[in-house]
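Residue-level structural notes
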Amino acid sequence: MKRPSFTLIVSSLFFLYISHSIWTLMKLFIPPTCDDGNCLYYYLQDKPKLQIAAFTSSRATPSSISDIDLIDVIKNIDYEEEFEREWTLNIRDVTRRNGSLVLHLFVLPSQYDVKDWKDVTGAPNTVYTRCYLTKYQLSATGSYQLLSGKTPTKTSLRTVSHLKNSITLNMLTGLPSLQLNSVPGEIAHLIKLSGNDKFLPIVHFNFLNDRLRNLVEITSNSTKMTTTFSYSPISIGRLRLMLHIESAFSSMKALGFNDKDSDEVKGIFADTHIYLLCATIFISSMHLLFDFLSLKNDVSFWRSRDSMEGLSSRTVMWRSFSQVVIFFYLLDEDTSLLIIIPSFGATLIELWKLQKVMPVDWKNFKLKEVTLNAAEQKTKEFDAESMKYLSYILYPLCLGAAIYSLVYETHRSWYSWTIHSLVNGVYAFGFLFMLPQLFINYRLKSVAHLPWRAFMYKAFNTFIDDVFAFIITMPTAHRLACFRDDVIFLIYLYQRWLYPVDKTRLADDIAIDDSSSAEKKNK
């Protein structure tokens, strides 16, 4: 019996794990039931009339009444319907001097007349929650025009308070009761009992709507600012999911994730249907699996190669240069370590592959002399010919983009402009460096020299990227970049059909030793 391959075992285990994770996610949306009579009933089951009272202060725990401002009292809310209110906030001097602003929100019966802080703190059956309306972010004045000769001041580079111009409050609805001995752990800390032993309304601020684009800088002249308060009912499944994500984001932040990393991820979970969310998780997991298989087969292919016949050396050098540029760009952007570390690993692999093209004598720190056979010399000539045609297009485009960025855009330093110009060239025109390999295939009338197994895994990922181009918010240029890779891939497929692979030649990731042993058997 033939033993299963390593790839099949890993793929099967990974698929089972993802399937189990998706099922666990979907179970969050199954409402808990109470059948044995040992139930904890919901306060909203009796349809009480409720109101919302909102206060602000500069501290999470106000030290005095003078530090508290009454913002709004919303009487007789319809907690089954969404609504919005625009609030004008009083920005005190302590907040303008890089301080905080905290929103204190109370949900209580409408029968109580709320005029100040004391009216809500002593009222029975009151639910209290709070959130920070401010967030510390780098000032937008941290970059400047390089050609103007102006240098940024030290104060322009510090983090300052920004106001959230939009906040959302969710209240759990549509749940009559909970099983007393099996309350979901993620909502247990939100449960508070009323006087008649019913659990009070569960309210929680939706952190998924706290996006970086909703932040407005608080300046020394900002005495009054506005924010939009939104209310929305929420189901038990979506509330549990949001609390799970919030806990996971807190853990990842401790590992090195920053706000920029998590901001776009929030967009995937915010207001996304459960079926689309599960599909997104499945597609993302397949993307990760194909990345791993592509890397495995790519390393296997290059480890077995002793010849550059049919392979574009300039494409290898370009990929190494591109990966180094991207790595330094991520460092310049203060990206999370969880992003930098995989990029560093990819950079090392590309530099290792570069050894096949430009072998180095590490003892004497110089390049080794390489003797090319006839096939390799022919490949090198075709590679140089294609690069000559490509240089007429590529260099003017990269130079023009760098000059435009220097004249019209702002940067933190000359180094930052250099890295950004290089990485823009990599992202915008890097796909052009796939053309030399297409040209070599055309001149040799063969594709047998390509690592097809690794290449096919990468091709699957390009189509997955197409799906994400419609799901995830991204710049138009990046969305177009996903589709341009498809064009290159389709040309490769056409060449594979046009130039059938000769099975007697070295192909895919078959080792040279295997081919040599086969020839000896024929003799």
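Because the structure is a prediction, the values reported are computed rather than measured.

Each value, and the rule that gives it
- Residues numbered from 1 in each chain as written.
- Predicted model: local features only at pLDDT ≥ 70, side-chain atom pairs only at ≥ 80, totals over all residues.
- Heavy atoms only, no water.
- Helix = DSSP H or I, 4+ residues; strand = E, 2+ residues; numbered from the N terminus.
- Buried < 20%, exposed > 50% of the residue type's maximum accessible area, 1.4 Å probe, protein only.
- Contact = heavy atoms within 4.5 Å.
- Areas by Shrake-Rupley, 256 points an atom, 1.4 Å probe, with all protein chains shown as cover.
- Core = buried A, V, L, I, M, F, W, Y, C linked by side-chain atoms within 4.5 Å.
- Pairing = 2+ DSSP bridges.
- Axes fitted to C-alpha atoms, helices over the stretch in contact; angles between N-to-C directions.
- Patch = residues over 30% accessible without salt bridge, like charges linked within 9 Å, V, L, I, M, F, W, Y side chains within 5 Å.
- Salt bridge = Lys/Arg side-chain N within 4 Å of Asp/Glu carboxyl O.
- Lys, Arg positive; Asp, Glu negative; His and termini not counted.
- Charge placed at Lys NZ, Arg CZ, Asp CG, Glu CD.
- Phe/Tyr/Trp six-rings, centres within 6.5 Å; stacked < 30°, edge-to-face > 60°.
- Polar contact = N/O pair within 3.5 Å; in protein donor to acceptor, adjacent residues only side chain to side chain.
- pLDDT = per-residue confidence, 0-100.

**Notes on the overall build of the chain**
Across its full length, the chain carries 15 helices and 15 strands. Out of the 523 residues in the chain, the part that is buried amounts to 45%. The contacts of the chain with a sequence gap of at least 6 include a subset with a gap of at least 24, amounting to 80%. If you sum the accessible surface of the chain, you get close to 29,000 Å²; carbon and sulfur atoms cover 60% of it.

**A look at unusual backbone geometry**
For Asn76, which is not glycine, the phi torsion reads 45° and is therefore positive. Its location among the elements puts Asn76 in the loop between strand 3 (69-74) and strand 4 (83-90). A positive phi angle, close to 65°, is found at Asn98, a residue other than glycine. With respect to the element layout, Asn98 can be found in the loop between helix 2 (93-96) and strand 5 (102-109). Overall, Asn98 belongs to the partly exposed group, its relative accessible area being 24%.

**Observations regarding the nonpolar core**
Ranked by size, the top nonpolar core spans 60 residues in total, and within it Ile52, Leu103, Met171 and Phe229 carry the most contacts. Per-element accounting of this core gives the leading share, seven residues, to helix 5 (residues 236-255). When near neighbours in sequence (up to four residues on either side) are disregarded, Phe229 contacts Ile52, Ile74, Phe83, Glu84, Arg85, Trp87, Leu105, Ile167 and Leu169. Core analysis: the next-biggest nonpolar cluster, separate from the first, contains ten residues, Ile326, Ile340, Ile419 and Val426 among them.

**Observations concerning the sheet that holds strand 7 (residues 134-138)**
On the basis of which strands lie adjacent, the open sheet formed by three strands has the order 7-8-12 and antiparallel pairing. A strand with exactly one partner marks an edge of an open sheet, and here the two such strands are strand 7 and strand 12 (215-217). On average, adjacent strands in this sheet sit at an angle of 50° to one another, irrespective of strand direction.

**Remarks on a nonpolar patch on the surface**
Where nonpolar side chains cluster on the molecular surface, the patch consists of Ile9, Leu13, Phe15, Leu16 and Phe282 and spans about 470 Å² of accessible area. No other element matches the four residues that helix 1 (residues 6-27) contributes to the nonpolar patch. Summarising the element assignment, Leu13 is placed in helix 1.

**Description of the environment of Gln137**
Within the fold, Gln137 resides in strand 7. Here Gln137 falls in the buried class, since its relative accessible area comes to 19%. On a C-alpha basis, the gap between Gln137 and Asp259 in space is 9.4 Å, while along the polypeptide they are 122 residues apart.

**Structural notes on a negative patch on the surface**
Together, Asp78, Glu81, Glu82 and Glu84 make up a negatively charged patch on the protein surface. Here Asp78 is to be found in the loop between strand 3 and strand 4.

**Some points on the environment of Met242**
Looking at where Met242 falls in the secondary structure, it is placed in helix 5. In the structure, Met242 is positioned 35 residues away from Phe207 in sequence and 8.1 Å away in space, judged by C-alpha atoms. Not counting residues up to four positions away in its chain, the partners in contact with Met242 are Asn170, His204, Phe205, Asn206, Phe207, Leu208 and Ile234.

**With respect to the pattern of salt bridges**
In this structure the tally under the stated criterion is ten salt bridges. Where Asp93 meets Arg96, a salt bridge forms, and the shortest distance between an N and an O atom there is 3.5 Å. In this pair, Asp93 and Arg96 are both assigned in helix 2, three residues apart and thus about one turn of the helix distant. Put simply, Lys164 and Asp210 hold a salt bridge, and the shortest N to O gap is 3.2 Å. One end of the pair, Lys164, is in strand 8 (residues 159-164); the other, Asp210, is in the loop between strand 11 (203-205) and strand 12, with 46 residues separating them in the sequence.

**Comments concerning the sheet that holds strand 5**
Taken together, four strands build an open sheet; the order of strands is 3-2-5-6 and the sheet is antiparallel. Whereas interior strands pair on both sides, the edge strands pair on one side only; in this sheet they are strand 3 and strand 6 (127-132). Each strand of the sheet is rotated relative to its neighbour by a mean of 20°, with strand direction disregarded. Pairing geometry for strand 5 and strand 6, over six bridges, is antiparallel. Residue Leu105 lies in a different strand from strand 6, and its bridge partner there is Thr129.

**Some points on the packing of aromatic side chains**
Between two aromatic rings, the relevant description is the distance of the centres plus the angle of the planes. Under the defined criterion, the tally for this structure stands at twelve aromatic pairs. The interplanar angle of 15° and the centroid separation of 4.5 Å between the aromatic rings of Tyr42 and Phe199 together place this pair among those described as stacked. Of this pair, Tyr42 sits in the loop between strand 1 (39-41) and strand 2 (50-57) while Phe199 sits in the loop between helix 4 (185-188) and strand 11, placing them 157 residues apart in sequence. For the residue pair Tyr42 and Phe199, the accessibility class agrees, reading buried in each case.

**A look at the side chain of His162**
Tracing the sequence through the fold places His162 in strand 8. A polar side-chain atom of His162 sits 3.0 Å from the main-chain carbonyl oxygen of Val160. Apart from the residues within four sequence positions on either side, His162 is in contact with Leu133, Thr134, Lys135, Gln137, Leu138, Leu215, Val216, Glu217 and Ile218.

**Focus on the confidence of the model for the chain**
When pLDDT is averaged along the chain, the result is 77; 75% of the residues meet or exceed 70. Predicted confidence is poor over residues 151-156, with pLDDT under 50, and the contacts of this stretch with residues over four places away or in other chains come to five contacts. In this model, residues 505-523 is a region of pLDDT below 50 whose contacts with residues beyond four sequence positions or in other chains number 25 contacts.

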